[in-house]
Amino acid sequence: MTWKITTTLDLVQARYGDEARELAHASLHSAHQRLRFAHYHFHEMDDLLEAYVAGPLRTRSFFDLAWSNDADERADYFHFRDKVAANALACVQSIHAMADLVASGVFHSLDLKRV
């Protein structure tokens with residue numbers, strides 16, 4: 001089943017007017033955008049991990065790399081770790097924001113500010 005947001009917005013506009021449609025559209029568009037962002041960051045993180053496992057971790061452990069005597073090797077490991085963490089955090093933040101954005105979309109779709 002596919003949700004046709006345009007149909008929903010048309011119904012909101014027919015019932016509550018242009019302003020309600022615009023407010024609902026902004027919230028629902030932002031929720032959809034956050035879903036795309038979460039998807040992007042998840043796959044970036046997954047690709048980084050896959051490449052690292054096939055590369056440096058093929059013959060070494062995380063511990064060997066994190067506490068390596070080679071400063072460049074250690075720096076590369078921490079840079080990799082930060083890129084994975086940044087993508088994981090961005091993914092989680094996008095997922096977390098979706099509930100608020102969808103709730104705002106529902107609020108405006110039902111024109112609950114009048115209540």
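As the structure is a prediction and not an experimental result, all values here were calculated from the model.

**Section: a nonpolar patch on the surface**
Right, so step 1: A surface patch of nonpolar side chains, amounting to about 380 Å² of accessible area, comprises Val102, Val106, Phe107, Leu110 and Leu112.
Right, so step 2: Mapped onto the fold, Leu110 is located in the segment after α4 (71-109).

**So, the side chain of Ser109**
Right, so step 1: Looking at where Ser109 falls in the secondary structure, it is placed in helix α4.
Right, so step 2: A polar side-chain atom of Ser109 sits 2.7 Å from the main-chain carbonyl oxygen of Gly105.
Right, so step 3: Leave out the neighbours within four places in its chain, and Ser109 touches Val12, Tyr16, Ala24 and Leu28.

**Some words on unusual backbone geometry**
Right, so step 1: Its identity as a non-glycine residue notwithstanding, Asp111 has a phi of 50°, on the positive side.
Right, so step 2: Tracing the sequence through the fold places Asp111 in the segment after α4.
Right, so step 3: Using a relative accessible area of 8% as the deciding quantity, one classes Asp111 as buried.

**Quick notes on the packing of helix α2 (residues 18-54) against α4**
Right, so step 1: Across the interface, α2 lies against α4 with an axial gap of 7 Å and an inter-helix angle of 160°. Between α2 and α4, the interaxial angle falls into the category roughly antiparallel. Considering only the axes of α2 and α4, their crossing is left-handed.
Right, so step 2: Among the residues making up the contact of α2 with α4, the classes are represented as 24 nonpolar, 10 polar and three charged.

**Some remarks on the pattern of salt bridges**
Right, so step 1: For the structure shown, the criterion picks out three salt bridges.
Right, so step 2: Here Arg21 ties to Asp10 by a salt bridge, and the two come within 2.6 Å at their closest N and O atoms. On the criterion of sequence distance, the pair formed by Arg21 in helix α2 and Asp10 in helix α1 (residues 5-16) is long-range, its members being 11 residues apart.
Right, so step 3: The partly exposed category is assigned to Asp10, whose relative accessible area is 40%.
Right, so step 4: One salt bridge connects Glu73 with Arg60, and the closest N-O pair in it is separated by 2.6 Å. Taken together, the residues Glu73 in helix α4 and Arg60 in the loop between α2 and α3 (62-66) connect sequence positions 13 residues apart.
Right, so step 5: Judged by its relative accessible area of 23%, Glu73 is partly exposed.

The rules we used
- Residues numbered from 1 in each chain as written.
- Predicted model: local features only at pLDDT ≥ 70, side-chain atom pairs only at ≥ 80, totals over all residues.
- Heavy atoms only, no water.
- Patch = residues over 30% accessible without salt bridge, like charges linked within 9 Å, V, L, I, M, F, W, Y side chains within 5 Å.
- Areas by Shrake-Rupley, 256 points an atom, 1.4 Å probe, with all protein chains shown as cover.
- Salt bridge = Lys/Arg side-chain N within 4 Å of Asp/Glu carboxyl O.
- Helix = DSSP H or I, 4+ residues; strand = E, 2+ residues; numbered from the N terminus.
- Polar contact = N/O pair within 3.5 Å; in protein donor to acceptor, adjacent residues only side chain to side chain.
- Contact = heavy atoms within 4.5 Å.
- Buried < 20%, exposed > 50% of the residue type's maximum accessible area, 1.4 Å probe, protein only.
- Axes fitted to C-alpha atoms, helices over the stretch in contact; angles between N-to-C directions.
- Parallel < 35°, antiparallel > 145°, perpendicular 65-115°, else oblique.
- Left-handed = near helix turned anticlockwise from the far one by under 90°.
- Nonpolar A, V, L, I, M, F, W, Y, C, P; charged D, E, K, R; others polar.

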